[in-house]
Amino acid sequence: MALNKKRVFLATAVVAFLILSLIGASSFLNNKPAEKAEILPLIPEPTIKYGVEIDSFNVVEGTIGKNQFLADILLPHNISYPEIDKLARKATDVFDVRKLRVKKKYTILTSRDSLQKAKYFIYDPGPFFYVVYDLQDTMSVTKIERPIDNVKKTGSGVIYTSLWDAIIQNGMPIEIAVAMEDIFGWSVDFYQVRKGDRFKLIYDEQFIEGESVGVAGVSGALFNHNSAEYYGYYFEIPDVNKDGYYFDENARPMKKAFLKSPVKYSRISSPFNRRRFHPILKRVKPHLGTDYAAPRGTPIYSVAAGTVTKASRTRGNGKYVKVKHDRIYSTQYLHMSGFAKGIRAGVHVKQGQVIGYVGSTGLATGPHVCFRFWKNGRQVNHRSLKLPPPEPMAKKYIPQFEVLRDSVKIELDAVAYLSEDEIRALYPDEDIESIPTDSLLAEEHDCDVVP
Ligand SMILES: [Zn+2]
């Protein structure tokens with residue numbers, strides 16, 4: 001019995017202990033959820049859009065229609081003409097309401113009371129900024145710039161169809177094409193790139209809320225054209241190189257006196273050829289210019305700064321412009337459809353300035369510009385012309401440049417090109433080996449010149 005009693009006592013004690021500890025544990029376990037329940041907000045987090053708590057408004061979204069003015073948009077939301085007028089005046093210094101553009105997004109927040117009156121009009125042309133027109137009380141207009149993240153990136157491409165295509169296929173933003181033009185437009189016959197040409201870049205890509213919005217700059221680039229390597233390095237010299245910030249490995253500016261071609265995105269339809277056999281005349285008739293075929297209306301640039309000596313028309317040349325650059329060099333552009341505004345004899349033009357547009361006036365069988373390069377009164381092939389290189393930057397900046405150049409070069413050299421297999425995967429339908437490298441030189445144009 002005594003034993004039994006002891007057992008019962010023990011059992012009771014154990015059970016009691018277990019119960020107590022369970023209560024303890026469960027109350028301990030219960031504590032946290034109970035606390036959690038307490039901190040759960042009864043009112044959900046406010047929805048903030050454009051810096052406004054929008055939950056207490058009706059949200060109306062739309063896009064600016066053709067010929068639609070702010071009044072057309074706001075009058076239906078119970079804003080009066082005098083109020084719109086007041087808002088328009090307040091907006092002039094911040095973001096003029098006349099700058100609202102068709103197809104751009106807007107949001108209107110209206111009161112939920114019976115008045116249904118617009119309280120905010122938000123113009124969001126995206127992605128860089130939006131404008132909040134606060135229609136309440138005193139009215140105010142605020143332009144908000146969205147923060148931009150700069151992300152350093154590297155990229156490379158091997159050209160199989162076009163430079164453009166190689167940039168896109170390799171996941172780089174299209175602005176890279178413009179950046180490469182700024183770097184190599186003077187050293188590479190950039191618009192005559194060939195299959196197998198390749199390039200590498202180190203650049204800053206800009207993002208807004210995770211979306212790519214552009215390229216902030218290229219710190220270094222390599223272009224391999226016809227197996228020759230061209231490096232370009234971005235370098236700032238305070239108060240000196242405001243226009244050109246790229247230098248080659250010898251600290252010489254990439255920007256030179258002459259652009260490589262007078263039109264962009266063109267192809268050479270007929271090269272300079274002193275012994276050209278004319279297909280129609282059946283005799284040797286020299287072609288003393290380089291024909292760039294491009295769609296009618298394509299802008300033609302002066303390849304260097306100078307003075308227009310002729311903006312005229314002859315039977316053979318059609319409409320043409322001749323520019324004198326210095327005592328030695330002049331250039332001439334034939335078969336234009338028209339001159340650019342203000343282009344006439346005696347006018348000064350800058351390098352890269354539009355002087356006219358591609359056409360087929362004169363003796364031309366299709367739209368192209370026949371580009372003539374004159375040296376000491378004689379026509380020469382500008383593509384084989386060796387012009388003196390520009391002077392290097394001032395000596396005192398060179399040590400600093402060389403440090404930068406060497407570190408950027410190491411980074412560039414570490415960037416890999418896609419392998420043959422990876423390129424094949426990008427161009428599954430293309431027999432990449434069969435693209436003839438000289439397919440750019442197929443077409444003939446009749447082309448005559450009268451100086
Ligand atoms: Zn020609």
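Residues numbered from 1 in each chain as written. Predicted model: local features only at pLDDT ≥ 70, side-chain atom pairs only at ≥ 80, totals over all residues. Heavy atoms only, no water.

1. Thoughts on the layout of surface pockets
Stage number 1. By volume, the largest pocket is sized at about 910 Å³.
Stage number 2. The element contributing the most residues to the lining of the largest pocket is strand β11 (residues 228-234), with three residues.
Stage number 3. A breakdown of the residues in the lining of the largest pocket according to their chemical character gives 18 nonpolar, eight polar and eleven charged.
Stage number 4. Shared between two domains, the lining of the largest pocket takes at least three residues from each, and those domains are domain 2 (149-247) and domain 3 (267-380). (1 Å grid on protein atoms, 1.4 Å probe; cavity = no way out; pocket = protein on both sides within 12 Å on 5 of 7 lines; lining within 4 Å. Points joined across faces, edges and corners; volume = space filled by probe spheres on them. Helix = DSSP H or I, 4+ residues; strand = E, 2+ residues; numbered from the N terminus. Nonpolar A, V, L, I, M, F, W, Y, C, P; charged D, E, K, R; others polar. Domains from an automatic or database assignment.)

2. Details of the sheet that holds strand β10 (residues 211-225)
Stage number 1. Reading across the sheet, the five strands line up as β8-β9-β10-β11-β12 and stay open at both edges, with antiparallel pairing between neighbours. Looking at which strands have only one partner, the edges of the open sheet turn out to be β8 (149-158) and β12 (246-247).
Stage number 2. When strand β9 (residues 198-208) meets β10, the two strands line up antiparallel, connected through eleven bridges. Residue pairing in the sheet places isoleucine 202 in a bridge with glycine 220 of β10.
Stage number 3. Helix-sheet contacts for helix α5 (residues 175-184) involve β9, β10, β11 and β12, and the interaxial angle to β10 is about 40 degrees.
Stage number 4. Packed on one face of the sheet, helix α6 (residues 398-414) meets β8, β9, β10, β11 and β12 and runs near 125 degrees to β11. (Pairing = 2+ DSSP bridges. Contact = heavy atoms within 4.5 Å. Axes fitted to C-alpha atoms, helices over the stretch in contact; angles between N-to-C directions.)

3. Side note on empty space enclosed by the protein
Stage number 1. On inspection of all chains with the given rule, the structure shows one cavity of 30 Å³ or more.
Stage number 2. As a volume, the largest cavity reaches approximately 40 Å³.
Stage number 3. Taken together, Gly157, Val158, Ala166, Gln169, Asn170, Leu418, Ile423, Leu426 and Tyr427 form the lining of the largest cavity.
Stage number 4. When contributions to the lining of the largest cavity are tallied by element, the ones reaching two or more residues are β8, α4 (163-169) and α7 (420-426).
Stage number 5. Classifying every residue of the lining of the largest cavity gives six nonpolar, three polar and no charged.

4. A few points about the pairing of strand β6 (residues 129-134)
Stage number 1. Burial analysis of β6 places six of its six residues in the buried class, which makes it a mostly covered element.
Stage number 2. The pairing of strand β5 (residues 118-124) with β6 spans four bridges and is antiparallel. Considered in β6, the bridge of isoleucine 122 is made with valine 132.
Stage number 3. Pairing analysis gives six bridges linking β6 to strand β7 (residues 140-145), with the strands arranged antiparallel. Residue pairing in the sheet places valine 132 in a bridge with threonine 142 of β7.
Stage number 4. The hairpin formed by β6 and β7 contains five residues between the paired strands, and aspartate 137 there has a positive phi angle of roughly 45 degrees. (Buried < 20%, exposed > 50% of the residue type's maximum accessible area, 1.4 Å probe, protein only.)

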